[in-house]
Amino acid sequence: MSENLWLVVPAAGRGRRMGSDVPKQYLPLRERPVLAHTLARLHRAFPAARLCLCLDVDDDHFDPAWVPFSHWRRTPGGSERVDSVRYALAAMADSAADSDLVMVHDVARPCVTPTDLERLYIALCEDEVGGLLAAPVADTMKRDDGQGRVARTESRCGLWQAQTPQGFRYGLLRRALDEAAVNGLVVTDEASAVEALGLAPLLVPGRRDNIKITHPEDLALAEHILAAQQGASSLNHSHEEAP
């Protein structure tokens with residue numbers, strides 16, 4: 001397998017559900033934009049990776065100083081997340097091998113830990129299909145009747161909440177997304193496109209605090225998570241340094 005690792009970060013969304021004047025990836029989180037936190041987490045785990053950052057062509061908020069990677073490129077974003085990823089894969093065609101590993105991560109997940117990232121990478125290197133970070137569903141699941149009432153309670157047995165990164169070989173991922181587009185298949189993540197090929201991506205258990213910032217209250221939650229993670233990290237370091 002090739003040793004090249006590519007990171008694709010779709011960051012062209014408008015964040016309409018946040019009700020903000022700026023896209024959610026540029027909202028301040030602990031005095032830095034969400035995007036900067038996310039890229040910093042990825043860089044801590046994979047400093048030698050090659051980054052494709054998908055931005056809206058009219059984006060006037062972005063500052064290249066927020067990118068810590070030495071090897072990176074800006075690629076145009078699409079109207080949907082899947083379009084951004086396809087554009088990034090097309091832009092990589094001149095230098096990516098089919099066997100290269102591509103990990104796609106939501107820009108709005110700044111709380112992913114380097115430990116989870118490294119564990120996912122190790123698992124993907126050993127898997128023929130690829131896979132994703134995910135967490136078993138813990139809450140009781142209800143199916144609505146379309147009128148705001150409960151139609152039935154769904155069993156949560158075997159249900160997992162998909163997270164990112166999601167990682168697959170370049171050749172496989174590009175074929176999966178291209179075939180989904182040709183067949184008019186609506187895909188909300190990379191794994192669902194690979195599933196449509198008849199393959200079964202690997203579920204790699206991830207931390208539940210790898211939240212996706214989608215609604216206004218998520219920003220405050222992310223701030224608390226980052227503070228808690230920093231505190232835990234400092235405590236671990238102090239224990240390691242103790243005689």
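Structure shown above.
Residues numbered from 1 in each chain as written. Predicted model: local features only at pLDDT ≥ 70, side-chain atom pairs only at ≥ 80, totals over all residues. Heavy atoms only, no water.

**Let's talk about the overall build of the protein chain**
Here is the rule we go by: Helix numbering and strand numbering both begin at the N terminus, where a helix is a DSSP run of H or I of at least 4 residues and a strand a DSSP run of E of at least 2. Restricting the calculation to C-alpha atoms gives the radius of gyration, and the globule rule supplies 2.2 Å times the number of residues raised to the power 0.38. For the exposure calls, accessible area comes from a 1.4 Å probe over protein chains only, and a residue counts as buried if that area is under 20% of its type's maximum, exposed if over 50%, partly exposed in between. Residue contacts are defined here by distance: any two heavy atoms, one from each residue, within 4.5 Å place the two residues in contact.
Across its full length, the protein chain carries six helices and 11 strands. The C-alpha atoms of the protein chain give 18 Å as radius of gyration, which agrees with the globular expectation for 243 residues (18 Å, within 12%). Across its three principal axes, the protein chain shows a C-alpha extent of roughly 60 × 50 × 40 Å. Residues classed as buried in the protein chain amount to 46% of the 243 residues present. Contacts in the protein chain between residues far apart in sequence, at least 24 positions, make up 68% of those at least 6 positions apart.

**A closer look at the state of the cysteines**
Short version of the rule: Only a pair of cysteine sulfur atoms within 2.5 Å qualifies as a disulfide here.
Within the structure shown, the criterion is met by zero disulfides. Note on C54: no disulfide assigned, nearest cysteine sulfur contributed by C52 at a separation of 6.7 Å.

**What to know about unusual backbone geometry**
Negative phi characterises most residues that are not glycine, and trans characterises most peptide bonds. At the junction of T164 and P165, the peptide bond is cis and its omega measures out at 10° in the coordinates. Positive phi values are uncommon outside glycine, yet R30 reaches one of about 55°. Structurally, R30 can be placed in the loop between β2 (28-29) and β3 (32-33). Using a relative accessible area of 36% as the deciding quantity, one classes R30 as partly exposed. A positive phi angle, close to 70°, is found at E31, a residue other than glycine. Here E31 is to be found in the loop between β2 and β3. Judged by its relative accessible area of 80%, E31 is exposed.

**Things to note about the sheet that holds strand β4 (residues 50-55)**
We apply this condition: In this scheme, strands are said to pair when DSSP sees at least two bridges between them. Note on geometry: axes are C-alpha line fits, over the in-contact stretch for helices, and angles between N-to-C directions span 0 to 180 degrees.
The seven strands lie next to each other as β5-β4-β1-β6-β10-β7-β11, forming an open sheet whose pairing is mixed. Edge positions in the sheet fall to β5 (72-76) and β11 (202-205), since each of these pairs with one other strand and no more. Averaged over neighbouring strand pairs, the angle between their axes works out to 25° when direction is ignored. Looking at chain direction, strand β1 (residues 5-10) and strand β6 (residues 101-104) are connected through four bridges and run parallel.

**Description of the packing of helix α2 (residues 81-91) against helix α4 (residues 170-182)**
Definition in use: Each angle is binned into one of four classes, with values under 35 degrees roughly parallel, values over 145 roughly antiparallel, values of 65 to 115 roughly perpendicular, and all other values oblique. Rotating anticlockwise by less than a right angle from the far helix to the near helix defines a left-handed crossing, while the corresponding clockwise rotation defines a right-handed one. Following the grouping adopted for this structure description, the nonpolar residues are Ala, Val, Leu, Ile, Met, Phe, Trp, Tyr, Cys and Pro, the charged ones are Asp, Glu, Lys and Arg, and the polar ones are all others, Gly among them.
Running from amino to carboxyl end, α2 crosses α4 at an angle of 135°, the nearest separation of the two axes being 10 Å. Considering their axes alone, α2 and α4 lie oblique with respect to each other. Here α2 runs over α4; the crossing is left-handed. Of the residues in α4, those touching α2 at V82, V85, R86, L89 and A90 are Y170, L173, R174, L177, D178 and A181. Considered class by class, the residues forming the contact of α2 with α4 number eight nonpolar, no polar and three charged.

**Some thoughts on the pairing of strand β8 (residues 141-144)**
Bridge analysis of β8 against strand β9 (residues 150-154) gives four bridges, and the strand direction is antiparallel. The residue bridging D144 from the neighbouring strand is V150, located in β9. Counted along the chain from β8 to the antiparallel partner β9, the turn is five residues long, and its residue G146 has a positive phi close to 85°.

**Examining helix α3 (residues 114-125)**
The line we're drawing: Each residue after the first adds 1.5 Å to the expected span of a helix.
In a regular helix each residue adds 1.5 Å, so 12 residues correspond to 16 Å; α3 covers 16 Å between its end C-alpha atoms and thus fits that length. Along α3, the residues classified as buried are P114, D116, L117, L120, A123 and L124. Its buried side turned inward, α3 meets α1 (34-45), β6, β7 (131-136), β10 (160-169) and β11.

**Considering the pattern of salt bridges**
Pairs may arise between side chains of opposite charge once their charged atoms sit close together. Basically, it comes down to this: Take a side-chain nitrogen of Lys or Arg and a carboxyl oxygen of Asp or Glu: if they are within 4 Å of each other, that pair is a salt bridge.
For the structure shown, the criterion picks out 10 salt bridges. The salt bridge partner of D106 is R109, with a shortest N-O separation of 3.1 Å. In this pair, the class of D106 matches that of R109, namely buried. The partner of E154 in a salt bridge is R152, with the nearest N and O atoms 3.1 Å apart. Exposure remark for E154: the relative accessible area of 25% places this residue in the partly exposed category. A cluster of three or more residues bridged by salt bridges with shared partners is formed by R81, D106, R109 and E190.

**With respect to the side chain of D116**
Following the sequence through the fold, D116 ends up in helix α3. With a relative accessible area of 2%, D116 lands in the buried category. Every residue in contact with D116, bar those within four places of it in the chain, is listed here: L133, G206 and R207.

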